[in-house]
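Here is how the chains run, residue by residue.
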Amino acid sequence: MKELIEKAAKDLVNSNYAIALTGAGISTESGVPDFRSPSGIWTKDPEAEKRAYESYQKFLTNPKEYWEERLTSPSLLGDLEKVKPNPGHYALAELEKMGILKWVITQNVDNLHQRAGSKNVLEYHGNAFNLRCASCNARYDSKEYDLGKLREEGKLPPLCKKCGGKIKPDIVHFREPIPSDVAHQSLEEVWRCDLLLICGTSAAVYPFANLPRAARERRIERERKTELGLFVAEKIPAVTIIEVNAEPTPLTVGKISDYLIQGKTGEILPKIVEEIVALCQRSYPRN
Ligand code: APR
Ligand code: ZN
């Protein structure tokens, strides 16, 4: 483990454009359950997963009933107002402050990266505290709508203040298209990066799981000197891909990632930051 943490620290320090991809695993140490691990929501309640696959269709066909249900049933993730970021979130925010991490692209809707201080966050599956217009993609803080009052007045679904379209929660349901602005910028960042730090995801849900594969496809050309002293051009992987996860994933098994540091993000990521600080102090010792 220690060697892998030192290796990750060196890779991050040597990177020019590192980004992170995160999933539910980075928030379990904050008390937010994940989905597919042994204690995951879908693992424990497969019926809930089946219902989740119907949500988007319900919004499209019967938005009033969709909202009635949403406003009267408890959230599967629990009360996200009460949870706090953990050392894993803070470590990524610290890497951003150091200028090493350029973006966090997350599947999480819990707002914990931002609450830990990360500024550059792309929410691939939306944000549980926001609403979004299904027509013009305008986003609103949920507090801008009094949903309880609208329900009492029989005025559900809420309507967009810009275009009059139907409002839904900003979170992205299964079978719902990823909002084009986030999908587009996420791919741009994956095409720009030279290091991908993947934290706490089973990498089982598409299209998000395509992002590491798109990064793996990228090649850069470099010259190599042969034994005969000739220079030959060769194509090498453009991106170093590091996984930090409690268990191997299809990225590990499929050799999409270069290496897996197996364990808890809340324990491993702070150690990587510590190692980077030590590395920098060794390289630039203060007198
Ligand atoms: N540290 C490291 N890894 C962890 C930790 C932890 N503290 N806790 C859990 N994990 C790992 C699990 O072992 C699992 O491999 O994180 C992974 C979480 O995977 P999922 O539960 O599948 O969550 P995620 O990949 O984010 O799911 C993707 O699916 O249900 C939808 O929209 C939902 O955004 C979600 C998407
Ligand atoms: Zn609108």
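By convention here, each chain's residues receive numbers from 1 onward along its written sequence. Working convention: letters from A go to chains and numbers from 1 go to ligands, in the order in which they are written. At least 70 in pLDDT is required for a residue's local features to be given in this predicted model, at least 80 for side-chain atom pairs to be given and counted, and no such filter applies to totals for whole chains, interfaces and linings, which use all residues. For side-chain calculations, the full set of non-hydrogen atoms in the structure is used, while hydrogens and water are omitted.

A.B. asks: Just to check I follow, could you spell out the coordination of the zinc ion (ligand 2) for this structure?
C.D. replies: Coordinating N, O and S atoms are those within 2.8 Å of the metal (3.2 Å for Na, K and Ca), and as water is not part of the atoms, a site may appear to have fewer donors than expected. Coordination of the zinc ion (ligand 2) by the protein involves Cys133 (SG), Cys136 (SG), Cys160 (SG) and Cys163 (SG), with metal-donor separations of 2.2 to 2.4 Å. Tetrahedral means four donors with every angle between 85 and 135 degrees, whereas square planar (four donors) and octahedral (six donors) require angles over 155 degrees between opposite donors and between 65 and 115 for all others; sites fitting neither are termed irregular. For the zinc ion (ligand 2), the four donor atoms in the first shell make angles of 98 to 117° at the metal, a pattern classed as tetrahedral. Between consecutive donors of the zinc ion (ligand 2), the numbers of intervening residues give the motif C-x2-C-x23-C-x2-C. Among the residues examined, cysteine 136 registers a relative accessible area of 34% and is labelled partly exposed. The rule is simple: take the accessible area with a 1.4 Å probe, protein chains only, and divide by the maximum for that residue type; under 20% is buried, over 50% is exposed, in between is partly exposed.

A.B. asks: Just checking my understanding: could you explain the packing of helix H6 (residues 87–97) against helix H12 (residues 265–283) for this structure?
C.D. replies: To describe two helices that pack against each other, one gives the angle between their axes and the distance between the axes. A fitted line through C-alpha atoms serves as each axis, taken over the contacting stretch for helices, and the angle formed by two N-to-C directions is quoted from 0 to 180°. Counting from the N terminus, the helices are DSSP H or I runs at least four residues long and the strands are E runs at least two residues long. One way to put it is that H6 packs onto H12 with a least axis distance of 7 Å and a crossing angle of 30°. In terms of orientation, H6 lies roughly parallel with respect to H12. Crossing of H6 over H12 shows left-handed handedness. Where H6 abuts H12, its residues Pro87, Gly88, Ala91, Leu92, Glu94 and Leu95 lie against Thr265, Gly266, Leu269, Pro270, Val273 and Ile276. Broken down by class, the residue content of the contact of H6 with H12 amounts to eight nonpolar, three polar and one charged. Angular relationships are summarised with four words: roughly parallel below 35 degrees, roughly antiparallel beyond 145, roughly perpendicular across 65 to 115, and oblique for the angles in between. By definition, turning the near helix anticlockwise from the far helix through less than a right angle yields a left-handed crossing, and turning it clockwise yields a right-handed one. Contacts are residue-level and defined by heavy atoms, with any inter-residue pair within 4.5 Å sufficient. For this scheme, ten residues count as nonpolar: Ala, Val, Leu, Ile, Met, Phe, Trp, Tyr, Cys and Pro. Four count as charged, namely Asp, Glu, Lys and Arg, and the remainder, Gly too, count as polar.

A.B. asks: Help me out: how do you make sense of the sheet that holds strand E10 (residues 240–245) in this one?
C.D. replies: Paired through backbone hydrogen bonds, the strands of a sheet run either parallel or antiparallel to each other. The strand order across the open sheet built from six strands is E3-E2-E1-E7-E10-E11, with neighbouring strands paired in parallel fashion. In the strand order of this sheet, the two ends are held by strand E3 (121–123) and strand E11 (259–262), each with one partner. Neighbour-to-neighbour, the strand axes of the sheet open up by a mean angle of 20°, direction not taken into account. One bridge is not enough; two strands pair if DSSP finds at least two bridges between them. Note that strand E7 (residues 195–199) and E10 share five bridges and pair parallel.

A.B. asks: Which parts of the structure should I look at to understand the packing of aromatic side chains?
C.D. replies: Given two aromatic rings, their pairing is described by the distance between the two centres and the angle made by the two planes. Classification of ring pairs rests on two measures: the distance between centres of Phe, Tyr or Trp rings, Trp counted by its six-membered ring, which must be within 6.5 Å, and the angle between planes, read as stacked under 30 degrees, edge-to-face over 60 and tilted in between. Applying the stated criterion across every chain, the model contains seven aromatic pairs. Residues phenylalanine 35 and tryptophan 42 carry aromatic rings whose centres are separated by 5.3 Å and whose planes lie at 35° to one another, so their mutual orientation is tilted. The exposure class of tryptophan 42 is buried, given its relative accessible area of 8%. Here the aromatic rings of tyrosine 140 and tyrosine 145 are separated by 5.4 Å at their centres, their planes lie at 85°, and the arrangement is edge-to-face. One aromatic cluster is present, formed by Phe35, Trp42, Tyr53 and Phe174 through successive ring pairs.

A.B. asks: When you look at the environment of alanine 20 in this model, what are you seeing that I'm missing?
C.D. replies: Tracing the backbone through its elements, the reader meets alanine 20 in strand E1 (residues 18–22). Exposure remark for alanine 20: the relative accessible area of 0% places this residue in the buried category. Along the primary structure alanine 20 and isoleucine 242 are separated by 222 residues, whereas in three dimensions their C-alpha atoms are 9.4 Å apart. The residues touching alanine 20, leaving out its near neighbours within four places in the chain, are Leu92, Leu101, Trp103, Val104, Ile105 and Leu197.

A.B. asks: Got a minute to help me understand the pairing of strand E8 (residues 219–225) in this structure?
C.D. replies: For a regular strand, side-chain orientation follows a simple rule: the groups alternate between the two sheet faces. With seven bridges connecting them, E8 and strand E9 (residues 231–237) associate as antiparallel partners. In the strand pairing of E9, lysine 225 is matched with phenylalanine 231. Between E8 and E9, which pair antiparallel and follow one another directly, the connecting turn spans five residues, one of which, glycine 229, has a positive phi of 85°.

A.B. asks: Looking at this structure, I do not really get the sheet that holds strand E4 (residues 130–133). What am I missing?
C.D. replies: Across the sheet, three strands lie side by side as E5-E4-E6; this open sheet has antiparallel pairing. Each edge of the sheet is formed by a strand with only one pairing partner; in this case those strands are strand E5 (139–141) and strand E6 (167–169). For this sheet the average axis-to-axis angle between neighbouring strands, irrespective of direction, equals 35°. Pairing analysis gives three bridges linking E4 to E5, with the strands arranged antiparallel. Bridge pairing links arginine 132 to arginine 139 in E5. Here helix H5 (residues 63–72) sits on the sheet in contact with E4 and E6, set at roughly 35° to E6.

A.B. asks: Looking at this structure, I do not really get helix H9 (residues 180–192). What am I missing?
C.D. replies: Side chains that are three or four residues apart share a direction in an α-helix, a result of its 3.6 residues per turn. By this rule the span expected of a helix is its residue count minus one, scaled by 1.5 Å. An ideal rise of 1.5 Å per residue puts 18 Å on 13 residues; H9 measures up with 18 Å between its terminal C-alpha atoms. The set of residues buried in H9 consists of Val182, Ser186, Glu189 and Val190. One side of H9 carries all its buried residues, which in axial view fall inside an arc of 100°. The exposed set on the far side of H9, more than 90 degrees from its buried face, consists of Ser180 and His184. Think of the arc as the fan of directions from the helix axis to the C-beta atoms.

A.B. asks: Teacher, can you tell me more about the site of ligand 1 here?
C.D. replies: Taken together, 23 residues are adjacent to ligand 1, and Phe35, Arg36, Thr201, Ser202 and Glu247 come closest. Identification of polar contacts relies on pairs of N or O atoms within 3.5 Å, with a donor-acceptor requirement for protein atoms, meaning one able to donate a hydrogen and the other able to accept it, and with residues adjacent in sequence counted only if both atoms are side-chain atoms. Within the contact set of ligand 1, an oxygen atom lies 2.6 Å away from a side-chain nitrogen or oxygen of arginine 36. A distance of 2.6 Å is found between an oxygen atom of ligand 1 and a side-chain nitrogen or oxygen belonging to serine 202. Look at ligand 1: alone it shows 740 Å² of surface, and the protein chains cover 93% of it. Partitioned by chemical class, the residues of the shell around ligand 1 number six nonpolar, 12 polar and five charged. Throughout, the term near means that a residue has one or more heavy atoms lying within 4 Å of the molecule or strand in question. The Shrake-Rupley method, run with a 1.4 Å probe sphere, supplies the accessible areas, and residue values consider only the shown protein chains as cover.

Just geometry here; none of it tells us what the structure is for.
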